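Given next are the chains, with one letter for each unit.
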Amino acid sequence: MIVTSTDSIEGRQIAEYLGIVAGEAIMGVNVFRDLFSSVRDIVGGRAGGYQAALREAREAAFADLQESARALGADAVVGVDVDYEVLGKENGMLMVSVNGTAVRLR
């Protein structure tokens, strides 16, 4: 399935707009990952644990989006927007949401 942030797909025509689809993933952030990220903030460098959590959440959200689009009979999702939010009283949850328009191509 083609998934793009653009509103069209080069070389293809959109035959039918099937509706807006979304995918969400909410992940808890591990306490040990938080601890090591805090140390990284002090000494510098990249917070690999958070990067891995972001990647995992983003991939899960895109998989959810594609599943919703397939259920509508879509060939592609256009106009995709990705949002990241931190949730919870202690910012212990990471939410990634993706939204776009499911389309059928010619």
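Model, not experiment: these values are computed from the prediction.

Colleague: I'd love a proper account of the overall build of the protein, names of residues and values included.
Modeller: Tallying secondary structure elements over the protein gives 2 helices and 4 strands in all. When the 106 residues of the protein are sorted by exposure, 25% land in the buried category. In the protein, 75% of the contacts between residues at least 6 apart in sequence involve partners at least 24 apart. Element-wise, carbon and sulfur atoms account for 51% of the exposed surface of the protein, whose accessible area totals about 6700 Å².

Colleague: Before we move on, can you summarise the pairing of strand E3 (residues 76-87) with the specific residues and values?
Modeller: It is a general feature of regular strands that their side chains alternate between the two faces of the sheet. Relative to E3, strand E1 (residues 2-3) is paired through 2 bridges, and the arrangement is parallel. Bridging from a neighbouring strand, Ile2 pairs with Ala76 of E3. Where E3 lies against strand E4 (residues 93-105), 10 bridges are found, and the strand directions are antiparallel. Paired with Val82 across the two strands is Val98, which belongs to E4.

Colleague: Quick rundown of the pairing of E4? Include the residues and the values.
Modeller: In the sheet, strand E2 (residues 14-28) pairs with E4 via 13 bridges, with the strands oriented antiparallel. Looking at E4, one finds that Tyr17 is bridged to Val103.

Colleague: Go over the confidence of the model for the protein with me, naming the residues and quoting the values.
Modeller: Low pLDDT marks regions whose predicted coordinates should not be analysed in detail. Mean pLDDT over the protein works out to 85, with 78% of the residues at or above the 70 mark. Across the protein, the element-wise mean pLDDT spans from 51 in helix H1 (residues 31-43) up to 98 in E1.

Colleague: Now, about the side chain of Thr4: what can you tell me, with residues and values included?
Modeller: Along the chain, Thr4 falls in the loop between E1 and E2. On the basis of relative accessibility, which here comes to 17%, the residue Thr4 falls in the buried class. In this structure, Thr4 is in contact with Ile9, Val77, Val78, Gly79 and Val80, ignoring residues within four places of it in sequence.

Colleague: Before we move on, can you summarise the side chain of Ser97 with the specific residues and values?
Modeller: Structurally, Ser97 can be placed in strand E4. Residue contacts for Ser97: discarding those within four places in its chain leaves Gly23, Glu24, Asp81, Val82 and Asp83.

Conventions we followed
- Residues numbered from 1 in each chain as written.
- Predicted model: local features only at pLDDT ≥ 70, side-chain atom pairs only at ≥ 80, totals over all residues.
- Heavy atoms only, no water.
- Helix = DSSP H or I, 4+ residues; strand = E, 2+ residues; numbered from the N terminus.
- Buried < 20%, exposed > 50% of the residue type's maximum accessible area, 1.4 Å probe, protein only.
- Contact = heavy atoms within 4.5 Å.
- Areas by Shrake-Rupley, 256 points an atom, 1.4 Å probe, with all protein chains shown as cover.
- Pairing = 2+ DSSP bridges.
- pLDDT = per-residue confidence, 0-100.

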